[in-house]
Amino acid sequence: MADFFTCIEFAKTHLNFKHELKEKQVQTLQNLYEGRDVISVLPTGYGKSIIFQLLPWLFQRKYDSSTPCIVLVICPLNSIMEDQVMGLRERGISACYISGSVGKTFMTKAGFDYDSSEDEDESAWTIKDVSFKDISDGKYNIIYAHPESALCKKMYSVFRSALYQTKICCVVIDEVHMVSE
């Protein structure tokens, strides 16, 4: 098992992150690396997102895996998810988001609408420009999801699959002050 600072440098290289991490970022990452549950309450603009964006490669290196792990980010705000995913994709990082909406369940992929209103699950979710199969196959290193989307029956079954049980290294609750239940 690689030491913590070797794993940090490995992760920074894969994210093409050239800045020095701040003290609280390092403390948070080290506690996660050591297997602790962590709550990081940091000010706006501090760089909370880089903490969880480093995790797939930090844990890949820690466990000497051939592929990065997966981080599930629960976030109630579409604008944050869209912005984060767009920024990650511009840097070549495999990321997607699943957003919640009111009404019937649907998925959009390159103009194809899948109507699953006949399903027992009434939770509504949208997967933007990626396929459900790719998510099920673990092709994304960072997955953003609304709380209700992550817990809908279909996504819950994906996250409980053997693949995800071995690949998810962290579940992050972002913008927790916006979650009412």
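Definitions and limits used
Residues numbered from 1 in each chain as written. Predicted model: local features only at pLDDT ≥ 70, side-chain atom pairs only at ≥ 80, totals over all residues. Heavy atoms only, no water. 1 Å grid on protein atoms, 1.4 Å probe; cavity = no way out; pocket = protein on both sides within 12 Å on 5 of 7 lines; lining within 4 Å. Points joined across faces, edges and corners; volume = space filled by probe spheres on them. Helix = DSSP H or I, 4+ residues; strand = E, 2+ residues; numbered from the N terminus. Nonpolar A, V, L, I, M, F, W, Y, C, P; charged D, E, K, R; others polar. Buried < 20%, exposed > 50% of the residue type's maximum accessible area, 1.4 Å probe, protein only. Arc of directions from axis to C-beta. Contact = heavy atoms within 4.5 Å.

This part takes up the layout of surface pockets. Where empty space is left can be seen by rolling a probe of water-molecule size over the atoms. Within this model, the largest pocket holds a volume of roughly 850 Å³. In terms of lining residues, the largest pocket is bounded by 31 residues, among which Ser40, Lys48, Val172, Ile173 and Asp174 are the most central. For the lining of the largest pocket, the secondary-structure elements that each account for two or more residues are α2 (23–33), α3 (48–62), α4 (78–90) and β7 (168–173). Residue contributions to the lining of the largest pocket peak at six residues, all from α3. Tallied by class, the residues present in the lining of the largest pocket amount to 17 nonpolar, nine polar and five charged. The volume enclosed by the second largest pocket comes to roughly 180 Å³. Forming the boundary of the second largest pocket are Leu72, Ile74, Pro147, Ala150, Leu151, Tyr156, Phe159, Arg160, Gln165 and Val171. Of all the elements in the fold, those that place two or more residues in the lining of the second largest pocket are β1 (70–74), α6 (147–150) and α7 (153–159). A class-by-class count of the residues in the lining of the second largest pocket yields eight nonpolar, one polar and one charged.

What α2 keeps buried is the set Gln25, Thr28, Leu29, Leu32 and Tyr33. Taken around the axis of α2, the buried residues stretch over an arc of 135°, which confines them to a single face. Looking at the buried residues of α2, the elements they touch are α1 (4–15), α3 and β7. Downstream of α2 by a residue or two, Gly35 has a phi angle that is positive, lying close to 85°.

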